[in-house]
Amino acid sequence: MPPSALEQLTRLNINYPMMFKLTNKKTNRITHCGVLEFVADEGKVYLPLWMMHNLLLEEAELINVESVTLKIATFSRFQPQSEDFLDITNPKAVLENGLRSFACLTTGDVIAIKYNQRIYEMCVLETKPDPAVSIIECDMNVEFAPPVGYIEPEKHIKKDEAVVDPVDLMPAPVGFVPFKGQGNRLNGKKRKDSAQSEVATNKPTYIRGIPDYDYKIGTLTFLHNMKPINNKEVKDQDEFKAFTGEGFSLREARK
């Protein structure tokens, strides 16, 4: 800003640090800013290029400058204008370092943050407690919205691995096993009205601590605990599914 602006401001009862409201009356666009130096030529002010884009302002056009007082910021939410911002390891630290060169924020503005020889544009979606706030010496909570054009990747649900029954890992029973075998008719013929069924064998009871003697080097077997089926709970779930059209645990439904 020109030195004459500083002389006029010092005569007025204004609050420091100095904040200004910039208005482009042709487009009714408004933004807020601070001041870096009072060394400009008379009748001229110098603005960053991104601020001129926010105001839809061209060089040598008229702009209205008004001294204002802004409240201290408590919250702000930003939206990156490019997905490249996701490649930054610590985006909050980068944003905090970039905002040190700013005096205030205005909702709807698109600010420019420089990091690693690149310019990242950030849209100010929301500020509290007012649409325009001061960020000098303040504690401000920051949130990020998904970048423009960002599509969240679909989550591929992996199918459950085959459940291994611990009983199958028990060694085969040795010696006499009662009721093991197959029934036969006295005439030696088989029944025609029933298909041949597999012989059901009683599995031994699983006992922890018995090693797997059939273990093969280079393989891993993960055991899953088998939960006994609760017939009443299954019935309740079927009734709830028929009512809502969706099936999920009753514990989740009660929550």
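Here the structure is shown first, and the text comes after it.
Computed from a prediction, not measured in an experiment: that's the story for all the values here.

A. Broad picture of the environment of Leu105. Among the secondary structure elements, Leu105 is positioned in strand E6 (residues 104-106). Given the relative accessible area of 1%, Leu105 is considered buried. For the pair Leu105 and Glu126, spaced 21 residues apart in the sequence, the C-alpha separation amounts to 9.5 Å. Excluding residues within four positions of it along the chain, Leu105 makes contact with Ser76, Phe78, Leu99, Ile111, Val124, Thr127, Pro131, Ala132, Val133, Ile135 and Met140.

B. Quick look at the packing of aromatic side chains. Applying the stated rule across the entire model yields three aromatic pairs. Between Trp50 and Phe102, the aromatic rings sit 5.5 Å apart at their centres with planes inclined by 45°, giving tilted as the arrangement. One end of the pair, Trp50, is in helix H2 (residues 49-55); the other, Phe102, is in the loop between helix H3 (91-98) and E6, with 52 residues separating them in the sequence. Residue Trp50 shares its accessibility class with Phe102, and that shared class is buried. Arranged with centres 5.9 Å apart and planes meeting at 70°, the rings of Phe85 and Tyr120 form a pair that is edge-to-face. Separated by 35 residues along the polypeptide, Phe85 in the loop between strand E5 (75-80) and H3 and Tyr120 in strand E8 (residues 118-128) bring together distant segments of the chain. Classification of Phe85 by relative accessible area gives buried; the value is 5%. On the basis of relative accessible area, Tyr120 is assigned to the buried category, the value being 9%. Linked through ring pairs, Phe85, Tyr120 and Phe144 together constitute an aromatic cluster. For Lys128, the ring lying beneath its charged end belongs to Phe75, and the centroid distance is 5.2 Å.

What counts, and at which threshold
- Residues numbered from 1 in each chain as written.
- Predicted model: local features only at pLDDT ≥ 70, side-chain atom pairs only at ≥ 80, totals over all residues.
- Heavy atoms only, no water.
- Helix = DSSP H or I, 4+ residues; strand = E, 2+ residues; numbered from the N terminus.
- Buried < 20%, exposed > 50% of the residue type's maximum accessible area, 1.4 Å probe, protein only.
- Contact = heavy atoms within 4.5 Å.
- Phe/Tyr/Trp six-rings, centres within 6.5 Å; stacked < 30°, edge-to-face > 60°.
- Lys NZ or Arg CZ within 6 Å of the ring centre and 35° of its normal.

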